[in-house]
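Observations on the three-dimensional arrangement
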Amino acid sequence: MTRDELNLHRLIKEANHTQLRAYTRRHFLKESAMGLGALAFGSLLESCSTRAAGTTPVAFDPAHPLLPKSPPFLGKAKSVIYLHMAGAPSQLELFDYKPELEKMSGQDCPESLLKGKKFAFITGVPKMLGPQAKFAQHGESRAWVSDNLPHFSSIVDEVTFLKAVTTDQFNHAPAQLLMHTGSARLGKPSMGSWVTYGLGTENQNLPGFVVLTSGGSFPDAGKSIWGSGFLPSVYQGVQCRSEGDPVLFIKDPNGMDRDLRKATIDAINASNEQEYAYYNDPEILSRISQYEMAFRMQVTAPEVMNIDNEPQYIHDMYGTQPGRACFANNVLLARKLVEKGVRFVQLFDWGWDAHGDGPQNSLNIGLKNKCRSTDKPITALLLDLKQRGLLEDTLVVWGGEFGRTPMLENRNGVTNPYNGRDHHTEAFTIWMAGGGIKKGFTYGETDEIGYSAVSGKVEAFDIQATILNQLGFDHEKFTYDFQGRPFRLTDVFGKVIHDIIA
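One structure accompanies this document, and this report is about it. (Residues numbered from 1 in each chain as written. Predicted model: local features only at pLDDT ≥ 70, side-chain atom pairs only at ≥ 80, totals over all residues. Heavy atoms only, no water.)

Topic: the overall build of the chain
Threshold: Under the scheme used here, helices are H or I runs from DSSP no shorter than 4 residues and strands are E runs no shorter than 2 residues, and both carry numbers assigned from the N terminus. Exposure classes here rest on a 1.4 Å probe applied to the protein chains alone. A residue is buried below 20% of its type maximum, exposed above 50%, and partly exposed in between. We call two residues contacting when some pair of their heavy atoms lies within 4.5 Å. Accessibility throughout is a Shrake-Rupley quantity obtained with a 1.4 Å probe, and a residue counts as covered only by protein chains that appear here.
Tallying secondary structure elements over the chain gives eleven helices and 16 strands in all. Looking at the chain residue by residue over its 502 residues, the buried ones come to 51%. By sequence separation, contacts in the chain at least 24 residues apart represent 77% of the contacts at least 6 residues apart. As displayed, the chain has an accessible area near 23600 Å², and 53% of this comes from carbon and sulfur atoms.

The structure is reproduced here in structure tokens:
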């Protein structure tokens, strides 16, 4: 056999071998035996981890991701309104009255309160600062509320105060992320996204999760605190506005009527359906669903988000300003949205960071102004929900991302020009109302100067676990598989605060 014939023979043999590897089971199994074993082992691990955690996956229909679903057990709440005062309001000027702190005002801060502690701005030895408001007890519950909240003091018997909330984050953005996503770092789904993933929404013409902002700026954590993280994107919060169009570009452009808009959506979705047939990616079905919802929202959202047609007594009750962007308008919109079946409404009001470095960031001016703009509408919200029979199954939550120090802030060792307090992680107040929460109740207590929790200490994870519990979910079993393991809102922490449940 010549050299050329030998080379040709080798080429033919190699070609036949390659063909066998591609088309015969024997060669496939021989070459991929270890790979098949790894696949089987991985499947066993995933199955075991899910069973070990006792988790039950939520049924997800990518073609209809927001259809209403039943929770694992009957919850007392059907919807949530979360009022977040971005910047962290001072509990010591609102709810946590400390006469002993008043006696210490002006004295040097004891070393025991500073040693080994971290603060955002305090350095050196600051002065103690007594309450910058007058307190009184109100209602049958005899709850302490300052004169900064004269309207709210009339409804204290509707709420539960959590006086010993703590956190491990002393900067705004990570603390806000922790409170709303269960993680101080970016990338996790927000609480509203988890809730709509688990429950869907009762109104298919509106988003399940709506966000409203006021105060002239976004929260420090930005839009991530209403993002969907690794959940399907259909569950992210939809930001609406209380001034102008509720959603940007919701109106059809000049020259496009309703029929043409529908034809456009149909053409886009036909293309998406072809793409789904090729790639089989469920996110494409979610995209189709979002296009269709956007089309329906063009009719529904402007009607729901219009407060002009509310009776005058409602405007007087809330202190609304139709045509302007303000917190009161957003609170009234929150009531209208849950009334129409929206599952989770998140309100962020920016401007509560009372450091004392300027008049609007002071306890005597800025904080009082923020209280004036929020006190009346929040009170009206609880009364309005109650008179409409909605408070029983609507959970209302109010709070910030951390508290404020009992010490006067001395930024960089120099006392600020106005009275203010630094960020504080060891104690702050959150309150809840409705949705199966006890009325006229206080849980937890801080020490005599409001520095540390001494009883009833809770964390963000406990609050999240309690909110999910009221909606019908066991926070330890409510999970979503991502990157090879089940994730949950509360990570590996959190306990339901059973003592505050009616």
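Describing the pattern of salt bridges
Applicable threshold: The rule for a salt bridge is simple: a side-chain nitrogen of Lys or Arg has to be within 4 Å of a carboxyl oxygen of Asp or Glu.
One pass over the structure, following the stated rule, counts 21 salt bridges. Residue Glu158 pairs with Lys439 through a salt bridge whose shortest N-O separation is 3.9 Å. Of the two residues, Glu158 is situated in the loop between strand S3 (143–146) and strand S4 (159–165) and Lys439 in the loop between strand S11 (428–433) and strand S12 (441–443); the sequence distance between them amounts to 281 residues. Residue class for Glu158 comes out buried when judged on its relative accessible area of 13%. Between Arg335 and Glu310 there is a salt bridge, with the nearest N and O atoms lying 2.8 Å from each other. Taken together, the residues span a long stretch of sequence, with Arg335 in helix H9 (residues 327–339) and Glu310 in the loop between helix H7 (282–304) and helix H8 (312–318) at a distance of 25 residues. Here Arg335 and Glu310 have matching classes, each one buried.

Focus on the sheet that holds S4
Sheet strands pair via backbone hydrogen bonds, and the direction of the pair is either parallel or antiparallel. Under the convention used in this document: Two strands pair under a simple rule: DSSP has to find at least two bridges between them. Every angle, taken between N-to-C directions, lies between 0 and 180 degrees, and every axis is a line fitted to C-alpha atoms, over only the stretch in contact when it is a helix.
Pairing is mixed in the open sheet, where eight strands are placed in the order S6-S5-S7-S1-S8-S11-S4-S12. Two strands lie at the open edges of the sheet, namely strand S6 (238–240) and S12, each paired on one side alone. Within this sheet the neighbouring strands show an average axis-to-axis angle of 20 degrees, counted without direction. The pairing of strand S1 (residues 79–86) with strand S7 (residues 344–350) spans seven bridges and is parallel. For Tyr82, the partnering residue across the bridge sits in S7 and is Gln346.

Side note on the environment of Arg287
As a reminder of what qualifies: Whenever a nitrogen or oxygen atom comes within 3.5 Å of another N or O atom, the pair is scored as a polar contact, on the condition that within protein one atom can donate a hydrogen and the other can accept it, and that pairs from neighbouring residues in sequence are kept only if both atoms are in side chains.
With respect to the element layout, Arg287 can be found in helix H7. For Arg287, a relative accessible area of 32% translates into the label partly exposed. When the C-alpha positions of Arg287 and Asn269 are compared, they lie 8.5 Å apart, and in sequence the two are 18 residues distant. Here Arg287 is in contact with Asn272 and Glu275, once residues within four sequence places are set aside. A polar contact is formed between the side chain of Arg287 and the side chain of Asn272, at a distance of 3.0 Å.

Examining the packing of aromatic side chains
For any two aromatic rings, the description comes down to two numbers: the centre-to-centre distance and the angle of the planes. Condition: In this analysis, rings of Phe, Tyr and Trp, with Trp reduced to its six-membered ring, are considered paired at centre separations within 6.5 Å, and the interplanar angle assigns stacked below 30 degrees, edge-to-face beyond 60, and tilted for intermediate values. A positively charged side chain is recorded as over a ring if its NZ (Lys) or CZ (Arg) lies within 6 Å of the ring centre. The angle to the ring normal must also be within 35 degrees.
Applying the stated criterion across every chain, the model contains 24 aromatic pairs. Centre to centre, the rings of Tyr97 and Phe135 are 4.9 Å apart; their planes meet at 25 degrees, and the pair counts as stacked. Placement of Tyr97 in the loop between S1 and helix H3 (99–104) and of Phe135 in strand S2 (residues 135–138) is noted, with a sequence separation of 38 residues between them. Residue Phe135 is classed as buried on the basis of its relative accessible area of 14%. Aromatic side chains Phe230 and Tyr480 sit 6.0 Å apart centroid to centroid with 15 degrees between the ring planes, which places their arrangement in the stacked category. One end of the pair, Phe230, is in the loop between strand S5 (209–214) and S6; the other, Tyr480, is in strand S15 (residues 480–482), and 250 residues separate them in sequence. Each member of the pair, Phe230 together with Tyr480, is buried. An aromatic cluster is built from Trp194, Tyr197, Phe230, Tyr235, Phe473, Phe478, Tyr480, Phe482 and Phe487, whose rings are joined through pairwise contacts. If you follow Arg411 out to its NZ or CZ, it ends over the ring of Phe121, 3.8 Å from the centre.

A short note on the packing of H9 against helix H10 (residues 366–387)
For clarity, the threshold we go by: When an angle is under 35 degrees it counts as roughly parallel; over 145 it counts as roughly antiparallel; between 65 and 115 it counts as roughly perpendicular; any other value is oblique. Definitions for this section: a left-handed crossing has its near helix turned counterclockwise from the far helix by less than a right angle. A right-handed crossing has that turn clockwise. Residues are grouped as follows: nonpolar covers Ala, Val, Leu, Ile, Met, Phe, Trp, Tyr, Cys and Pro; charged covers Asp, Glu, Lys and Arg; every other residue, Gly included, is treated as polar.
Orientation of H9 relative to H10, taken along the N-to-C sense of each, is 15 degrees, at an axis distance of 8 Å. Classified by the angle their axes make, H9 and H10 are roughly parallel. Regarding H9 and H10, the two cross each other, and that crossing is right-handed. Contacts from Phe327, Ala328, Val331, Arg335 and Val338 of H9 reach H10 at Ser373, Thr374, Pro377, Ile378, Leu381, Asp384 and Leu385. Partitioned by chemical class, the residues of the contact of H9 with H10 number eight nonpolar, two polar and two charged.

Focus: the side chain of His172
Within the secondary structure layout, His172 lies in helix H4 (residues 172–181). The class for His172 is buried, based on a relative accessible area of 10%. A polar side-chain atom of His172 sits 2.9 Å from a polar atom in the side chain of Asp353. A distance of 3.0 Å separates polar atoms of two side chains, one belonging to His172 and the other to His423. In this structure His172 touches Gly87, Asp220, Asp353, His355, Glu401, Phe402 and His423, once residues within four positions along its chain are discounted.

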